[in-house]
Amino acid sequence: MSTTGTDAQHGLTEHSHGGPVIPQASRGERFRSYDVEAFEVPGGREEDWRFTPLKRLKGLHDGTATATGTLKVEVTGEATVETVGRDDARIGQGGVPADRVAAQAWSSFTEATVVTVPKETKPSAPITVTVDGPGQGEVTYGHLQIHAEQFAEAVVVIDYRGSGTIGDNVEFVVADGAQLRIVSIHDFADDATQVSSEHATLGRDAVFRHFAVTLGGDLVRVNTTVNYADKGGDAELLGLYFADSGQHLEHRMLVDHSVPHCRSNVLYKGALQGNSAHSVWIGDVLIQAAAEGTDTYELNRNLVLTEGARADSVPNLEIETGEIEGAGHASATGRFDDEQLFYLQSRGIPQDQARRLVVRGFFGELLQKINVPEVRERLEAEIEEELAVVGA
């Protein structure tokens, strides 16, 4: 059974997305391979690529992007950090590539960074992984794995910055009873291109909290996949993005419920401003026949601040069993509420300040969920800078 824009438990339609869902094979049957040539070169008409401007990928998708530089990865905090080769047995525990760019990145990286939080430990402060691009005009491929061993608890901030063209894979391995909280910030320079695939695997009773923030770069496309290895897994995927003139910010996710009694919740919010600003959000949730007792919901909201900006939002929910706790999804895209602005202005608040208050309120719910104060304050400041452009 497939539904669009509805709450499958209560039968309530919240808001449909801006276009029809194109029928497709089960998302859980998505082809996966480490072999680049097992995937056809995207032409732009495929469902997984129809929103992506392929010419702006700079050859990451067709094999013409040859590595000319390297990523600089620095890790601080209480964790074991290793630089390993391609033959390390741990590589691949998080998942397998599901598109050509991910397979190209997997076959092209020369060394991987593995960050391990030992079992039954809880670092006293967040672990920070800073990833610097290869530099303007350079190309690189990377691989990162974050592993929380049994009953470990950790907060990890991944901070992407710099310039260049980057194809990378990130693995999140959350062992039985572990709790891993990720804040992933994509704040590149204006010229940067990144296509990143994130693969998360959750053990029994594991908790995974993932917060994606995308602000910088010319084109950033992030694919996040969550798989459950055993019962009791709990995943929450949150996201915040702000697209300026000419930027293309794309988030795709698949939550694959394949075992019983697991939970997932997805909430992404985006704002757009300027000519040709473009955001894409694709949310796929699959509840397989064996996944009885699943509880899931996904929601995407977009706020268009100026003319010339475009937001595409497509939630997909596929249910193969009727024995679930609840399942639903919704999305909405809209402009400023004129009545809300009028109300604020009628109280003596200037128009530019009123617009800022509306956007702050729009993002406030998400920002309060970031439990690293310095990161939250930094993001609040960067959003203020974005809003200054709106009011200019």
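Residues numbered from 1 in each chain as written. Predicted model: local features only at pLDDT ≥ 70, side-chain atom pairs only at ≥ 80, totals over all residues. Heavy atoms only, no water.

Colleague: Mind laying out the overall build of the protein chain, listing which residues take part and the relevant values?
Modeller: Summing up its helical and strand segments, the protein chain has four helices and 21 strands in all. Only carbon and sulfur atoms are counted for the fraction: they give 47% of the accessible area of the protein chain, which is about 15900 Å². (Helix = DSSP H or I, 4+ residues; strand = E, 2+ residues; numbered from the N terminus. Areas by Shrake-Rupley, 256 points an atom, 1.4 Å probe, with all protein chains shown as cover.)

Colleague: Could you give an account of the nonpolar core, with specific residues and numbers?
Modeller: One finds Ile146, Ile158, Phe172, Leu180, Phe208 and Val226 to be the most contacted residues of the largest nonpolar core, which totals 55 residues. Listed in part, the 28 residues of the second largest apolar core include Val183, Leu240, Tyr297 and Leu367. (Core = buried A, V, L, I, M, F, W, Y, C linked by side-chain atoms within 4.5 Å. Buried < 20%, exposed > 50% of the residue type's maximum accessible area, 1.4 Å probe, protein only.)

Colleague: Outline unusual backbone geometry, supporting the account with residue identities and numerical values.
Modeller: Of note, Asp205 is a non-glycine position whose phi angle comes to about 60 degrees, a positive value. Of note, Asp205 is situated in the loop between strand E12 (193–202) and strand E13 (207–214). For His261, which is not glycine, the phi torsion reads 55 degrees and is therefore positive. Assignment of secondary structure puts His261 in the loop between strand E16 (248–257) and strand E17 (263–272).

Colleague: Account for the packing of aromatic side chains, with residues named and values stated.
Modeller: This model, assessed by the stated rule, comprises six aromatic pairs. On the numbers, 6.2 Å between centres and 45 degrees between planes, the contact of Phe242 with Phe363 is tilted. On the criterion of sequence distance, the pair formed by Phe242 in strand E15 (residues 234–243) and Phe363 in helix H3 (residues 351–367) is long-range, its members being 121 residues apart. With respect to burial, Phe242 and Phe363 carry one shared label: buried. (Phe/Tyr/Trp six-rings, centres within 6.5 Å; stacked < 30°, edge-to-face > 60°.)

Colleague: An account of the environment of Asp352 is requested, with residue identities and associated values reported.
Modeller: Relative to the assigned elements, Asp352 resides in helix H3. Here the alpha-carbon distance between Asp352 and Leu387, two residues 35 residues apart in the chain, equals 8.9 Å.

Colleague: So what about the environment of Asn265? Which residues, and what values?
Modeller: Its place among the elements puts Asn265 in strand E17. In this structure, the C-alpha to C-alpha distance between Asn265 and Val255, residues 10 residues apart in sequence, is 9.4 Å. For Asn265, the contacting residues outside a window of four places in its chain are Ala235, Glu236, Leu237 and Tyr297. (Contact = heavy atoms within 4.5 Å.)

Colleague: Give a detailed account of the side chain of Thr116, specifying residues and quantitative values.
Modeller: Structurally, Thr116 is set in strand E6 (residues 112–117). Residue classification places Thr116 among the buried positions, given a relative accessible area of 8%. Leave out the neighbours within four places in its chain, and Thr116 touches Ala79, Thr80, Glu82, Arg90, His147 and Glu149.

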